[in-house]
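# An overview of the molecular structure
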Amino acid sequence: MAKNLSGDLQVASANRLSDGVVVWLDDAGGWTDRLDRAAIARDGRGADILLARAQAEASSVIDPFLVAVSEGHDGTVEPLSLRERIRASGLTFDAIAADAVRYA
Amino acid sequence: MPDTHFHRPQHFYKYDDYDRTLVAERVEQFRDQVRRRLAGELTEEQFKPLRLTNGLYLQLHAYMLRIAIPYGTLSARQLRQLADISRKYDRGYGHFTTRQNLQLNWIKLEDAPDALAALAEVDMHALQTSGNCIRNVTADHFAGAAADEIEDPRIWAEIVRQWSTLHPEFTFLPRKFKIAITGSPNDRAAVRVHDIGLRLWRNAEGEVGFEVIVGGGLGRTPMIGKTLREFLPKKDLLAYLEATLRVYNRYGRRDNLYKARIKILVHEVGVEKMRADVEAEFAATRDGLLGLSDETIEAIARQFAPPDLPARPDRVGAVERLKLEDRDFALWLKSNVAPHRASGYAIVTASLKPAGAPPGDASAVQMEGLADIAESFSQAELRVSHEQNIVLPHVAVEDLPAVYRALGQLGFAEANVGKITDIIACPGLDYCALANARSIPVAQRISRHFASLARQHDIGDLKIKISGCINACGHHHVGHIGILGVDKNGVELYQISLGGDVDFGNTALGTILGPAVTADRVVEAVDSLVATYLDLRAAGERFVETFRRIGAEPFKDRMYAAL
């Protein structure tokens, strides 16, 4: 199956209230910091339901929203936008470490 | 605010009981607010303005704490505490910003009150680093040390800080408000691109007062500030600022976020009308409580008395020898060491821009190292520059080799201050919730490409400033080469401008060259601009001067031909 880039696939994301960490809603209605465990809505109606579920489970997160994703033939999920890819994967450069004397 | 408010015993900006109580109460209030938020007693809508008031933002990956460093002045003890806070409550590094602040990018909400309490231990806070209030006042980072200084701007920055902290009338302005102060003819505080810029100067009668500049700013609608008052007696500073803020508070637009800054008001009504309104307000209030007595000014000035600098030699054999033996040291003396007002001393800028590093970032170990160096060699004093470097303001000339070596051990002895790799960059899309494109990786690529110090010094003074969105935290409008990241249909593109400048008398906004370039061509584009300059410069001409002489076309033609 070719990579689905239609933008129909969506996951629900938010930042965790206690520490701001990026999380996604999973199938069990919990929030996970692993994108590969996120529940995926596959059409518009599914997206509406997913967002409603996310908002209902929002006590431990901040402002849930939908993120368009692609799904590879091996099931790998990746956000379509660069902003969401960075949210999912972290900084695109190596931050300096606490004990670093020099930037490597 | 009564005049007596300024008579508090201070050193530096060490708090008295009034300050200490105020900040301690705010920390405990915030602790309770965080507890209530985590317990579900407050919604995010209710809580957000409370956390922002305490400098806590939510960025892409985490909360970010923006810590105010008043006019960029830090003691070694404070920097050591910042290192400790970054290690305990963050990931052990921090980002020094273009507003002389420090941002910690990975703070947990549950830890934020403890981090603020730790800041309060060293007389610091994060108040007024967000919201539509008067933000942390910025000043010349060479203040109190520069050879060209007329008067120390920190005295006035401190007076403004005390007046503006939790000022009840100006807590909900139409938009945020930034004030910068310089006490030197060579403006190192970018006063023409602030909401209010204050420039100390001496008039024909020999009196020192302020030129008051209003309505400058970068962002979506960049503007160069206009002179509101040519010469303001120093004693009238607060009354005049209050009058200006009052006029802005009354007439500034609140219907449109993008038209709410004072620069838009000044632009729409004209500086003459603005001046008339401010002068009318000033006339009504100038003899009131805000008039500054000589005694008040002197009391503050005493806190910023020059440090006791014992006589030291101006010319030191060991320095001269090392200059001949070590080419990098010689270059460092040229670019990173500035004249001090006291004979036998110098001002050293530690470059937080080693080749390939994220501009302005320092690890906890590096911050502690800088604090050690300041204690050993610079009266335990440091400054944060708006160009995201750290300044050691009082270094004896004979200590320069030791300071160079010590900074080298931290990776902060790069001889590149004012050169092409001394890049200003905002955090960009790697961190920032507002950004459209990344800034830091672009800065890193340019920095690596031009890493050769010999080449940098051949190119000479050239300031690259990079912003990841139109809000212009990276000051791209006033970069000799400005780079603005934009998002076009999900692709990062970079718009390049030339000829921006913040030097007093030459302040200018850059000219956009043409269509934006893709991320992978930015380095080639900059390389082409530099090559054009090297080919066409006249003897002794800096990059921006060549641009002013020949205009954008030669640069533009060759850059787009090269891409």
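What counts as what
Residues numbered from 1 in each chain as written. Chains lettered and ligands numbered in written order. Predicted model: local features only at pLDDT ≥ 70, side-chain atom pairs only at ≥ 80, totals over all residues. Heavy atoms only, no water. Phe/Tyr/Trp six-rings, centres within 6.5 Å; stacked < 30°, edge-to-face > 60°. Helix = DSSP H or I, 4+ residues; strand = E, 2+ residues; numbered from the N terminus. Buried < 20%, exposed > 50% of the residue type's maximum accessible area, 1.4 Å probe, protein only. Lys NZ or Arg CZ within 6 Å of the ring centre and 35° of its normal. Contact = heavy atoms within 4.5 Å. Buried area = accessible area lost by both parts, 1.4 Å probe. Salt bridge = Lys/Arg side-chain N within 4 Å of Asp/Glu carboxyl O. Pairing = 2+ DSSP bridges. 1 Å grid on protein atoms, 1.4 Å probe; cavity = no way out; pocket = protein on both sides within 12 Å on 5 of 7 lines; lining within 4 Å. Points joined across faces, edges and corners; volume = space filled by probe spheres on them. Nonpolar A, V, L, I, M, F, W, Y, C, P; charged D, E, K, R; others polar. Domains from an automatic or database assignment. Axes fitted to C-alpha atoms, helices over the stretch in contact; angles between N-to-C directions. Parallel < 35°, antiparallel > 145°, perpendicular 65-115°, else oblique. Left-handed = near helix turned anticlockwise from the far one by under 90°.

## Details of the packing of aromatic side chains
All names here are of chain B. Using the criterion set out here, one finds 15 aromatic pairs over all chains in the structure. For the ring pair Phe543 and Phe555, a centre distance of 5.5 Å and an interplane angle of 50 degrees mean the geometry is tilted. With Phe543 in helix 17 (residues 543-550) and Phe555 in helix 18 (residues 553-562), this residue pair connects regions lying twelve residues apart in the sequence. For Phe555, a relative accessible area of 0% translates into the label buried. A connected cluster of aromatic rings, assembled from ring pairs, spans Tyr533, Phe543, Phe547 and Phe555. The ring of Trp106 is capped by Arg91, whose NZ or CZ atom sits 3.6 Å from the centre of that ring. The ring of Tyr258 has Arg220 lying over it, and the distance from NZ or CZ to the ring centre is 4.0 Å.

## Structural notes on the interface of chain B and chain A
The interface of chain B with chain A comprises 42 residues on the first partner and 28 residues on the second. The contact between chain B and chain A buries some 2,700 Å² in all, and 61% of this surface belongs to carbon and sulfur atoms. When the buried surface of chain B facing chain A is broken down by residue, B:Leu60, B:His61 and B:Asp430 rank first, second and third, together holding 19% of it. Remark: the boundary between chain B and chain A carries zero salt bridges. Residue assignment for the side of chain B that touches chain A shows that the elements contributing at least two residues are helix 1 (17-38), strand 5 (102-107), strand 13 (361-363), helix 12 (364-377), helix 13 (400-410) and helix 14 (440-449) of chain B.

## Regarding the pairing of strand 4 (residues 61-71) of chain A
Residues and elements named next belong to chain A. Strand direction decides the pairing type here: strand 1 (residues 10-16) and strand 4, joined by six bridges, are antiparallel. By the bridge assignment, Ser13 is partnered in strand 4 with Phe65. Where strand 4 and strand 5 (residues 77-79) come together, three bridges link them in antiparallel fashion. When the bridges of strand 5 are listed, Val69 appears paired with Pro79.

## Considerations on empty space enclosed by the protein
All names here are of chain B. If you walk through the whole model with that rule in mind, you get seven cavities of 30 Å³ or more. Put simply, the largest cavity is a space of about 120 Å³. Forming the boundary of the largest cavity are Ala68, Pro70, His125, Leu127, Gln128, Ile134, Arg135, Asn136, Val137, Arg161, Ser164 and Thr165.

## Points about the layout of surface pockets
Residue and element names in this part refer to chain B. As a volume, the second largest pocket reaches approximately 820 Å³. What lines the second largest pocket is a set of 34 residues, among which Phe142, Arg188, Val417, Asp461 and Lys463 lie closest to the centre. Within the residue set of the lining of the second largest pocket, elements represented by two or more residues are helix 11 (327-336), strand 11 (337-339) and strand 12 (345-350). In terms of residue class, the lining of the second largest pocket is built from eleven nonpolar, twelve polar and eleven charged. For the lining of the second largest pocket, the domains that each give at least three residues are domain 2 (153-302) and domain 3 (424-562).

## Details of the environment of B:Ala118
Residues and elements named next belong to chain B. Note that Ala118 resides in helix 4 (residues 112-121). Taking C-alpha positions, Ala118 is 8.7 Å from Leu82, a pair spaced 36 residues apart along the chain. With sequence-adjacent residues up to four places away left out, Ala118 is seen in contact with Gln81 and Ile85.

## Some thoughts on the packing of helix 14 of chain B against helix 16 (residues 522-536) of chain B
Residue and element names in this part refer to chain B. Where helix 14 contacts helix 16, the axes come no closer than 9 Å and their chain directions differ by 45 degrees. Taken together, the axis directions place helix 14 and helix 16 in an arrangement best described as oblique. Crossing of helix 14 over helix 16 shows right-handed handedness. Between helix 14 and helix 16, the residues in contact are Val442, Arg445, Ile446 and His449 and Val522, Val523, Val526 and Asp527, respectively.

## Observations concerning helix 2 (residues 82-89) of chain A
Along helix 2 of chain A, the positions that sit buried rather than exposed are A:Leu82, A:Glu84, A:Ile86 and A:Arg87. Buried residues in helix 2 of chain A make contact with strand 1, strand 2 (22-25), strand 4 and strand 5 of chain A together with strand 19 (491-498) of chain B. Among the residues trailing helix 2 of chain A, A:Gly90 stands out with phi positive, at a value near 95 degrees.

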